[in-house]
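So the chains spell out like this:
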Amino acid sequence: MTELSNGHEVTDSNIDRTLDQEPQERSALTDGILEEKENLTLQMEIATKDDSEELLYGIADNPPWVLSFALGFQHYLTAFGSTLSVPLILAGPLCFGEDKVGLSELIATTFFTSGIITILQTCLGVRLPIIQGVTFAFLPPTMAILSLPRWACPIPSASGLLSDVNNTDYGLDNHSVVINGSQTNGEWHLRIRELQGAICMASLFQIFIGCSGLMSVIMRYVGPLTVTPTIALIGLALFEAAADKAATQWWIAFMTLFLIALFSQYLKSISIPIPTFSMSRRCSFSYLPVFKLFPILLAMLLSWFICHILTVTNILPTEKGEWGFHARTDARDSVLHKSKWIRIPYPGQWGLPTVSVGAVFGMLAGVLASMMESVADYYACARLSGAPVPPPSAFNRGIAVEGFGCLFAGLMGTGNGTTSYSENVGAIGITKVGSRCVVLAAGILLILMGCVGKVGALFVTIPDPVVGGMFFAMFGMIVAVGLSNLQFVDLSSSRNIFVIAFSLFIGLAFPHWISNHRNAIQTGSEVFDQIVTVLCSTSMFVGGFIGFVLDLTLPGTLEERGITKWRQDDKQTELHEELKCEEENHSIDKKQSGRRIHPSVYDFPKGLHFLNRIPCAKCIPICPGSDTSDTLERVS
């Protein structure tokens, strides 16, 4: 048995099997690989031209701490829109009512939790510079759970008072309903505790998938025709939330949407000169593509400012019941006075999580969709940050840490899980800064912002139509990202057209019918009825499941189904890394080790290297030593 320089072992049987090959077969194999590389070189030369530019800071580089926090603040601003959106969406189904202080605390908890999980993922997880935050994939099952009759707003009671609810019927304690004398607090506390329990239990499944290495097995059976309806229906199912916010003042919402389109599309190539100072160049100007980096943030700030002008001049209605009142910036200004300056979130702050079987199974659909989204982000982040393609152990570790992140988010009470942020991956490609230190600084800033209560309160005062315009843009982009997977599929095939049409239409129609007929499923088992109701109310589960079954059962070739191009896309990414290393004249030893640019980039951090020396570590899918089979494939 031979041990390679990176600790991997090559068994004698594998070596003998390789040496026993006929020379002609080995020569043909070599020629085939070289020919494939030559064919792909020209195709990838244009596509990866920007990626080949020199990074300002690579994944293992350490910029000055001041610069790291400045660049980390940029990541914070990039993640701002998505992180803020989910708590605002959940405010309605959770029945916050007029408890805007509670909503500000939920927003602060979300930022705080995202910061901690970002640090864990960067240090112990996939070890790529990738921001972790809330995920839209959890929203459809959340809406399905909260639409059950038991969670209708307000909770029904004989006397009409919340404190008189017989909470024994719901498996809750009476004393947990009225908190600090506030009935509204008790109302949304009950609902978010139900979400906490579902998220915590569903996260255990994700932890198991990551630690066992089953993610690579699952992805073998998942193709574009499954991913397309799953992701597209996430955005389509949320159109009502966007419409309700925008309907409070359509003109303000349209203005916000126009500004987002203006900054992100029409002005994206314009760079703004920013004064900088360095010891070598002294005072100089650096050109930053501000509109391309922060289109949503700039559009929201400008719309917010215009709403403030319309509020001061009393152009907007002053009566609460009038159309357009919620576009005023002083409609919720009391939350700024009531909220605390410093408030540190803690586990169980809303009470102990409650668990119901139906809610757990419904949340599993969001977990699966979130995992598939993260796998794609890992590939993109590795390419843009100058790292090699992540080995299986890094993928498994990343999924496992995301599972732990969802568990932590459930305990903290964010009402949502965690996933990788694609927009922050794109920011790496624009700024050419792929350092892990920068993302660690962003995680620290997220934690600090989550501890300042006034920050969350300030976000609550954003006018509803401004939020609605942002929702239109973000939810529409989610739908477009899902549909973009059809580029791998043969759209001239009637088989594929049928799968797409059937999965999308049923994914919208059947959950809509279930939501209007909550008692339609009656099997005699209350638990089973709840499970089926929640799953059938989740659009992305219904559409994704139908697409998965039809894609596997209907006759069709791999090329027709898009599987060939789907896998070839990943293969091209890996071959691109090989070509880059050959151009940089890397040694043969580094090529064979499978870590071509930064040999230890996916290893455990300092202090945990002793784990690699444990003999049984090679059998654990999340340990770097478990990549032996991948190394053998590269060597052969």
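Residues numbered from 1 in each chain as written. Predicted model: local features only at pLDDT ≥ 70, side-chain atom pairs only at ≥ 80, totals over all residues. Heavy atoms only, no water.

For the protein chain, an unreviewed UniProt entry supplies the name Solute carrier family 23 member 1 and the organism Plakobranchus ocellatus. UniProt, in the comment section headed Subcellular location (unreviewed entry), describes the protein chain in these words: "Membrane". Taken verbatim from the UniProt record of the protein chain, the Sequence similarities (unreviewed entry) comment is "Belongs to the nucleobase:cation symporter-2 (NCS2) (TC 2.A.40) family." (UniProt positions renumbered as here; feature names shortened; annotations may be inferred.)

Explain the overall build of the protein chain to me, using residue names and the numbers behind them.
Along its length, the protein chain carries 26 helices and six strands. Put simply, 80% of the contacts in the protein chain that link residues at least 6 apart link residues at least 24 apart. As presented, the protein chain carries roughly 28,800 Å² of accessible surface, and 63% of it is formed by carbon and sulfur atoms. (Helix = DSSP H or I, 4+ residues; strand = E, 2+ residues; numbered from the N terminus. Contact = heavy atoms within 4.5 Å. Areas by Shrake-Rupley, 256 points an atom, 1.4 Å probe, with all protein chains shown as cover.)

Break down a nonpolar patch on the surface for me, with residues and values.
Together, Phe208, Leu214, Val217, Tyr221 and Leu552 make up an exposed nonpolar region whose accessible area comes to about 440 Å². With respect to the element layout, Leu214 can be found in the loop between helix 6 (183–212) and helix 7 (215–219). Given the relative accessible area of 31%, Leu214 is considered partly exposed. (Patch = residues over 30% accessible without salt bridge, like charges linked within 9 Å, V, L, I, M, F, W, Y side chains within 5 Å. Salt bridge = Lys/Arg side-chain N within 4 Å of Asp/Glu carboxyl O. Buried < 20%, exposed > 50% of the residue type's maximum accessible area, 1.4 Å probe, protein only.)

An account of helix 4 (residues 100–123) is requested, with residue identities and associated values reported.
Counted at 1.5 Å a residue, the expected span for helix 4 with its 24 residues is 34 Å, and the 35 Å between its end C-alpha atoms agrees. Counting buried positions along helix 4 gives 18 out of 24 residues, so the element sits mostly inside the fold. (Expected span 1.5 Å × (residues − 1).)

Residues and numbers for the packing of aromatic side chains, please.
Here the structure, examined in full by the defined rule, presents 16 aromatic pairs. A ring pair is formed by Phe111 and Phe459, whose centres lie 5.7 Å apart and whose planes are at 35 degrees; its orientation type is tilted. Remark: Phe459 occurs in helix 18 (residues 453–460) and Phe111 occurs in helix 4; sequence separation between them is 348 residues. In this pair, the class of Phe111 matches that of Phe459, namely buried. A ring pair is formed by Trp251 and Phe254, whose centres lie 6.4 Å apart and whose planes are at 70 degrees; its orientation type is edge-to-face. Note that Trp251 and Phe254 are positioned in helix 10 (residues 250–266) at a spacing of three residues, about one turn of the helix. Classification of Phe254 as partly exposed rests on a relative accessible area of 41%. Through successive ring pairs, a cluster of aromatic residues spans Phe73, Tyr76, Phe111 and Phe459. Seen from the ring of Trp341, Lys454 lies directly overhead, with NZ or CZ sitting 5.5 Å from the centre. (Phe/Tyr/Trp six-rings, centres within 6.5 Å; stacked < 30°, edge-to-face > 60°. Lys NZ or Arg CZ within 6 Å of the ring centre and 35° of its normal.)

Describe the side chain of Ser503, with residues and values.
Along the chain, Ser503 falls in helix 20 (residues 494–516). A polar atom in the side chain of Ser503 sits 3.1 Å from the backbone oxygen of Ile500. If near-sequence neighbours (up to four positions away) are discounted, Ser503 is found in contact with Pro229, Leu233, Gly543, Ile546 and Gly547. (Polar contact = N/O pair within 3.5 Å; in protein donor to acceptor, adjacent residues only side chain to side chain.)

How would you explain unusual backbone geometry if you had to name every residue and give the values?
In this structure, Cys95 takes a positive phi of about 65 degrees despite not being glycine. Judged by its relative accessible area of 8%, Cys95 falls in the buried class. Phi at Arg127 is positive, roughly 65 degrees, even though this residue is not glycine. On the secondary structure map, Arg127 appears in the loop between helix 4 and strand 3 (132–133).

I'd like a description of the nonpolar core, backed by residues and values.
Judged by nonpolar contacts, the single largest core of 114 residues is most densely connected at Leu94, Leu128, Phe136 and Phe475. The dominant element in this core, judged by the number of residues it contributes, is helix 14 (residues 357–384), at 13 residues. Residues contacting Phe136, with those up to four places away along its chain left out, are Ser82, Ser85, Val86, Ile89, Ile234, Leu238, Met474, Phe475 and Ile478. In this structure, Leu259, Phe291, Ala299 and Ala473 belong to the second largest nonpolar core, which totals six residues. (Core = buried A, V, L, I, M, F, W, Y, C linked by side-chain atoms within 4.5 Å.)

Lay out the packing of helix 4 against helix 15 (residues 392–412) in plain terms, naming residues and giving numbers.
Packed helix pairs are specified by the crossing angle of their axes together with the interaxial distance, meaning the distance between the axes. At a closest axis distance of 10 Å, the pairing of helix 4 and helix 15 adopts a crossing angle of 155 degrees. The angle between helix 4 and helix 15 places the two elements in the roughly antiparallel class. Note that helix 4 runs across helix 15; the crossing there is right-handed. Contacts between helix 4 and helix 15 involve Thr109, Phe112, Thr113, Ile116, Ile117, Leu120 and Gln121 from the first element and Arg397, Gly398, Val401, Glu402, Gly405, Phe408, Ala409 and Met412 from the second. Of the residues that constitute the contact of helix 4 with helix 15, the class distribution is eight nonpolar, five polar and two charged. (Axes fitted to C-alpha atoms, helices over the stretch in contact; angles between N-to-C directions. Parallel < 35°, antiparallel > 145°, perpendicular 65-115°, else oblique. Left-handed = near helix turned anticlockwise from the far one by under 90°. Nonpolar A, V, L, I, M, F, W, Y, C, P; charged D, E, K, R; others polar.)

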